[in-house]
2 protein chains.
Amino acid sequence: MERHVCADCGWIHYDNPKIVVGSIVTYEDKFLLCKRAINPRKGFWTLPAGFLEQNETTADGAVREAFEEAQAKIRIRDLLAVYSVTHISQVQIMYRAVLDRPEFSAGPESLEVRLFDWSEIPWNDLAFPTVYWALHQYQDIKDRESYTPFANATGDILRKSLEIIRR
Amino acid sequence: MERHVCADCGWIHYDNPKIVVGSIVTYEDKFLLCKRAINPRKGFWTLPAGFLEQNETTADGAVREAFEEAQAKIRIRDLLAVYSVTHISQVQIMYRAVLDRPEFSAGPESLEVRLFDWSEIPWNDLAFPTVYWALHQYQDIKDRESYTPFANATGDILRKSLEIIRR
Ligand SMILES: [Zn+2]
Ligand SMILES: [Zn+2]
């Protein structure tokens, strides 16, 4: 495990896996996506998501990120997926969430925020493979009240996510 | 957000929430618990669980921890719960898992490892509230193939977990 002795406090800091929280946000069968204003993947479309902060619940973090990136007040429904992105040591915790009204706008980390019909989603301009996974896994269970949350995509969804997203 | 400039590498390290991975491990309706050999809560009973490492999936981490703490080769079934323990900035990801054979022994961080019937569980000697939550939430859904994973306990389970565990 990597470790570092800190110049500020003298403590040893371990490099631990980081937690990303986000959501598939829908309004009347449309999907809320944000065009990234910052690198990595500036100009590509992503879900409202970001790093969990100290002393925050995962659901509260997902709500905060949707407000920061899309100025959207979302309501969390349930857990969609837990992804382990091992090559960058991230665990991504993704929820299903809804917008009660179509009110949103680009926050400082977004160039543009839009609602897309499934058929309009800019599949060739998604920022990350996990955005593709979450959208497709959501679509599989969108009419179900209860389901087992997803882990990393496999098979066709994984393969296509890597084709589409030129890494 | 707390930050530190590192003496070793010059990078800024943020203090991020940490990820704990663990499982409710059963063998024929019995629960595998470990008596802690180390602080915090030395001498109290816990689930096989610990910090996720770099470049590890959450499920692989839970399997590794069960082997380290209980020398047990477990098989992960599905996701039981995602807890946010905000006062210590931990996200705990808990699975349902099974032992195919009753083979286990105390690893270096355990004083003792045992299988308990539900009625024999040492409720007054559990290490952490989330151990109490996970056991009770598991018991609620133990016969179900599919269910929505749990978040932090509320109501009676939360109240009793805080009574029993003298913090
Ligand atoms: Zn420090
Ligand atoms: Zn460093």
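Cut-offs and rules
- Residues numbered from 1 in each chain as written.
- Chains lettered and ligands numbered in written order.
- Predicted model: local features only at pLDDT ≥ 70, side-chain atom pairs only at ≥ 80, totals over all residues.
- Heavy atoms only, no water.
- Helix = DSSP H or I, 4+ residues; strand = E, 2+ residues; numbered from the N terminus.
- Rg over C-alpha atoms; globule rule 2.2 N^0.38 Å.
- Buried < 20%, exposed > 50% of the residue type's maximum accessible area, 1.4 Å probe, protein only.
- Pairing = 2+ DSSP bridges.
- Polar contact = N/O pair within 3.5 Å; in protein donor to acceptor, adjacent residues only side chain to side chain.
- Contact = heavy atoms within 4.5 Å.
- Axes fitted to C-alpha atoms, helices over the stretch in contact; angles between N-to-C directions.
- Parallel < 35°, antiparallel > 145°, perpendicular 65-115°, else oblique.
- Left-handed = near helix turned anticlockwise from the far one by under 90°.
- Nonpolar A, V, L, I, M, F, W, Y, C, P; charged D, E, K, R; others polar.
- UniProt positions renumbered as here; feature names shortened; annotations may be inferred.
- Salt bridge = Lys/Arg side-chain N within 4 Å of Asp/Glu carboxyl O.

Participant: So what exactly am I meant to see when it comes to the overall build of chain A here?
Facilitator: Assigned secondary structure in chain A consists of three helices and nine strands. In sequence order, the secondary structure elements of chain A are arranged as β-β-β-β-β-β-α-β-β-β-α-α. In terms of overall size, chain A behaves like a compact globule, its C-alpha atoms giving a radius of gyration of 16 Å where 167 residues would be expected to give roughly 15 Å. When its C-alpha atoms are laid out on the principal axes, chain A stretches across 50 × 35 × 35 Å. A buried classification covers 52% of the 167 residues belonging to chain A.

Participant: Hey, could you run me through the pairing of strand 7 (residues 74-85) of chain B in this one?
Facilitator: Successive residues of a regular strand alternate their side chains across the two faces of the sheet. All names here are of chain B. For strand 7, the buried fraction is high: nine of the 12 residues fall into the buried class. Sheet topology places strand 7 next to strand 8 (residues 90-99); 10 bridges connect them, and they run antiparallel. In the strand pairing of strand 8, Tyr83 is matched with Gln92. Connecting the antiparallel pair strand 7 and strand 8 is a turn made up of four residues, with Ser89 showing a positive phi of about 50°.

Participant: I'm lost on the side chain of Ser84 of chain A in this one. Help?
Facilitator: Position of Ser84 of chain A among the secondary structure elements: in strand 7 (residues 74-85). For Ser84 of chain A, a relative accessible area of 7% puts it in the buried group. Polar side-chain contacts of Ser84 of chain A include one of 2.9 Å to the backbone nitrogen of Thr58 of chain B. Apart from residues no more than four positions distant in its own chain, Ser84 of chain A is found in contact with Gln90 and Asn152 of chain A together with Glu56, Thr57 and Thr58 of chain B.

Participant: Teacher, can you tell me more about the packing of helix 2 (residues 129-141) of chain A against helix 3 (residues 155-164) of chain A here?
Facilitator: To characterise two packed helices, one gives the angle between the axes of the helices and the distance between these axes. Residues and elements named next belong to chain A. The interhelical angle for the contact between helix 2 and helix 3, taken along N-to-C directions, is 140°, at an axis separation of 9 Å. Taken together, the axes of helix 2 and helix 3 lie oblique to each other. When the axes of helix 2 and helix 3 are compared, the crossing they make is right-handed. Of the residues in helix 3, those in contact with Pro129, Tyr132, Trp133 and His136 of helix 2 are Ile157, Leu158, Lys160, Ser161, Leu162 and Ile164. Considering only residue class, the contact of helix 2 with helix 3 consists of seven nonpolar, two polar and one charged.

Participant: Is there a simple way to think about the UniProt feature "domain: Nudix hydrolase" (unreviewed entry) in chain A in this case?
Facilitator: Those places that UniProt annotates as "domain: Nudix hydrolase" (unreviewed entry) correspond, in this numbering, to residues 16-143 of chain A. The distance separating the terminal C-alpha atoms of residues 16-143 of chain A is 36 Å; by composition the span is 20% helix and 40% strand.

Participant: Sorry, what's going on with unusual backbone geometry here?
Facilitator: Residues and elements named next belong to chain A. Pro40 follows Asn39 through a cis peptide bond whose omega is 0°. With respect to the helices and strands, the residue Pro40 is situated in the loop between strand 4 (30-36) and strand 5 (45-46). The phi torsion at Asn55 lies on the positive side, around 60°, for a residue other than glycine. One non-glycine residue, Gln71, lies in the positive phi region at around 50°. Here Gln71 lies in the loop between helix 1 (58-70) and strand 7. Among the residues examined, Gln71 registers a relative accessible area of 32% and is labelled partly exposed.

Participant: Teacher, can you tell me more about the pattern of salt bridges here?
Facilitator: Opposite charge on two side chains lets them pair, provided their charged atoms get close. For the structure on display, the rule yields 24 salt bridges over all chains. With a closest N to O distance of 3.8 Å, Arg77 of chain A and Glu145 of chain A form a salt bridge. In this pair, Arg77 of chain A sits in strand 7 while Glu145 of chain A sits in the loop between helix 2 and helix 3, placing the two residues 68 residues apart along the sequence. With its nearest N and O atoms 2.6 Å apart, the salt bridge here joins Glu56 of chain B to Arg64 of chain B. Each of Glu53, Glu56, Arg64, Glu65 and Glu68 of chain A takes part in a single network of salt bridges with overlapping partners.

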